[in-house]
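Examination of the molecular architecture
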Amino acid sequence: MTIQWFPGHMAKARREVTEQLKMVDCVFELLDARIPYSSSNPMISDIIKDKPRVVLLNKMDMADPRETAKWMKHFEAEGVYPVALDAKNGKNLNMVIKAAEAVTKEKFERLAAKGLRPRAIRAMIVGIPNVGKSTLINRLAKKSLAKTGNMPGVTKKQQWIKVGKTLELLDTPGILWPKFEDQVVGKKLSLTGAIKDSIVHLDEVAIYGLEYMQMYDLETLNKHYNITIEENDSYLEIFDQIGRSRGMKNKGNEIDYESVIELVVRDIRNAKVGRYTFDRVEEVGQPDETE
Ligand code: G4P
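Here's what I pulled together on the structure shown here. This one's a predicted model, so the numbers in the text were calculated from it and none came from an experiment.

Structural notes on helix α4 (residues 93-113)
Its 21 residues give α4 an end-to-end C-alpha distance of 30 Å, which sits within 8% of 30 Å, the value for a rise of 1.5 Å per residue. Its maximal kink placed at Lys 105, α4 deviates by approximately 55 degrees. Listing the buried residues of α4 in full gives Leu 93, Val 96, Ile 97, Ala 99, Ala 100, Thr 104 and Phe 108. Note on α4: the residue one or two positions beyond its end, Gly 115, has a positive phi of about 90 degrees.

Points about unusual backbone geometry
Notably, Asn 130 is not glycine yet its phi reads approximately 70 degrees, a positive angle. With respect to the helices, strands and loops of the structure, Asn 130 is situated in the loop between β4 (121-127) and α5 (133-141). Taking the relative accessible area as the measure of exposure, Asn 130 reaches 24% and is therefore partly exposed. Even without glycine at this site, Asn 226 takes up a positive phi of about 55 degrees. Note that Asn 226 resides in the loop between α8 (218-225) and α9 (235-245). Residue classification places Asn 226 among the exposed residues on the basis of a relative accessible area of 65%.

A closer look at the site of the ligand
With respect to spatial proximity, 17 residues lie near the ligand, and among them Asp 61, Asn 130, Lys 133, Ser 134 and Thr 135 are the closest. Here an oxygen atom of the ligand sits 3.0 Å away from a polar atom, N or O, in the side chain of Lys 59. Here an oxygen atom of the ligand sits 3.4 Å away from a polar atom, N or O, in the main chain of Lys 88. In isolation the ligand offers 710 Å² of accessible surface; the protein chains occlude 70% of this area. When residues in the shell around the ligand are grouped by element, the largest group, three residues, is from α5. Of the residues that constitute the shell around the ligand, the class distribution is four nonpolar, six polar and seven charged.

A short note on the environment of Ser 39
With respect to the secondary-structure elements, Ser 39 resides in the loop between β1 (26-32) and α2 (44-48). The class of Ser 39 is buried, set by a relative accessible area of 1%. Expressed as a C-alpha distance, the spacing of Ser 39 and Met 95, which sit 56 residues apart in the sequence, is 21 Å. Ignoring anything within four residues of it in the chain, the contact list for Ser 39 reads Leu 31, Asp 32, Ile 128, Val 131 and Leu 189. Side-chain polar atoms of Ser 39 contact the backbone oxygen of Ile 35, separated by 2.7 Å.

With respect to the packing of helix α7 (residues 202-216) against α9
Running from amino to carboxyl end, α7 crosses α9 at an angle of 95 degrees, the nearest separation of the two axes being 10 Å. Considering their axes alone, α7 and α9 lie roughly perpendicular with respect to each other. Judged by residue contacts, Ala 206, Ile 207, Leu 210, Glu 211 and Gln 214 of α7 engage Tyr 235, Ile 238, Phe 239 and Ile 242 from α9. When grouped by side-chain class, the residues that make up the contact of α7 with α9 number seven nonpolar, one polar and one charged.

Thoughts on the pattern of salt bridges
The tally for this structure, following the rule as stated, stands at 14 salt bridges. Among the ionic pairs, Asp 46 bridges to Arg 14, the shortest N-O distance being 3.4 Å. Of this pair, Asp 46 sits in helix α2 while Arg 14 sits in helix α1 (residues 7-21); the two residues are 32 residues apart in sequence, bridging distant segments of the chain. Judged by its relative accessible area of 33%, Asp 46 falls in the partly exposed class. Classification of Arg 14 as partly exposed rests on a relative accessible area of 24%. The partner of Arg 53 in a salt bridge is Glu 29, with the nearest N and O atoms 2.9 Å apart. Placement of the pair is Arg 53 in strand β2 (residues 53-58) and Glu 29 in strand β1, with a sequence separation of 24 residues. Taking relative accessible area as the criterion, Arg 53 reaches 12% and is therefore assigned buried. Within the structure, one salt-bridge network assembled from shared partners comprises Glu 67, Lys 70, Arg 280 and Glu 282.

The rules we used
- Residues numbered from 1 in each chain as written.
- Predicted model: local features only at pLDDT ≥ 70, side-chain atom pairs only at ≥ 80, totals over all residues.
- Heavy atoms only, no water.
- Helix = DSSP H or I, 4+ residues; strand = E, 2+ residues; numbered from the N terminus.
- Expected span 1.5 Å × (residues − 1).
- Bend = angle between axes of the 7 residues up to and from the residue.
- Buried < 20%, exposed > 50% of the residue type's maximum accessible area, 1.4 Å probe, protein only.
- Near = heavy atom within 4 Å.
- Polar contact = N/O pair within 3.5 Å; in protein donor to acceptor, adjacent residues only side chain to side chain.
- Areas by Shrake-Rupley, 256 points an atom, 1.4 Å probe, with all protein chains shown as cover.
- Nonpolar A, V, L, I, M, F, W, Y, C, P; charged D, E, K, R; others polar.
- Contact = heavy atoms within 4.5 Å.
- Axes fitted to C-alpha atoms, helices over the stretch in contact; angles between N-to-C directions.
- Parallel < 35°, antiparallel > 145°, perpendicular 65-115°, else oblique.
- Salt bridge = Lys/Arg side-chain N within 4 Å of Asp/Glu carboxyl O.

Nothing here speaks to function; it is all geometry.
As structure tokens, this is what we get:
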């Protein structure tokens, strides 16, 4: 689904999430584990304010496990509770419930001290499009609910989904806009499928992905495409070798670059070549600062 975020949409999305926030005890901020910085909304801290927050690093099955471990430590150091999960295959779902219990513990103890009867924790999911919000809600609901459109303002009556004994989840996630001022962030969003339309040119996305692999995982790159790229080869050389190796040629027997580009982007998006994390803690530092 193509999403064009105009200032009006952003304001509306923010308003809607702010309204939903009033109903919940904590927020699950869903990020793509491959790009924990780039997949966060630029104003998330400003929107959530001091509401207890759990960061869910989804799609861990496609991220580099060593980098995910580093990001987990980073979030912990920032005082945010992180959970790495794979919503598609239902991995670590229990930890989502545990995290909600942990971040709301104090609040519920306070309520109990005032003599209020215990009740379920109320939570909502927020995140940019395509990070897996609907997949996670369906998993937690243990049934298939209708996918909400990837735009704010797709109104329907909100309902609470019971998740285990202690948690109730809003069935409608808060959909927030991605970062799009920064070129590199745009490439990472496209490379991981968060943006699938033509905001970013696919050739630049493929080049970014190939150069990343050339730098960090040359052996796998060569093995996967059956090519012999060296450290200093240009991206054109990589395109040519992949094209030849896969027989991607057009009528004039020239390399069909368009097909090579599509193949490379698809392979990286689906983690067919390897499990990569494109945001490195050391490089991006603060993951949730307002830009
Ligand atoms: P959204 O509500 O945040 O917009 O995202 P949605 O749940 O629609 O998920 C976007 C895509 O990400 C879907 O793939 C979904 O299957 C996939 N996905 C969600 N969580 C995970 C995960 O933990 N691991 C992996 N590998 N994939 C995940 P799709 O290609 O759009 O659809 P489909 O192939 O599942 O039909």
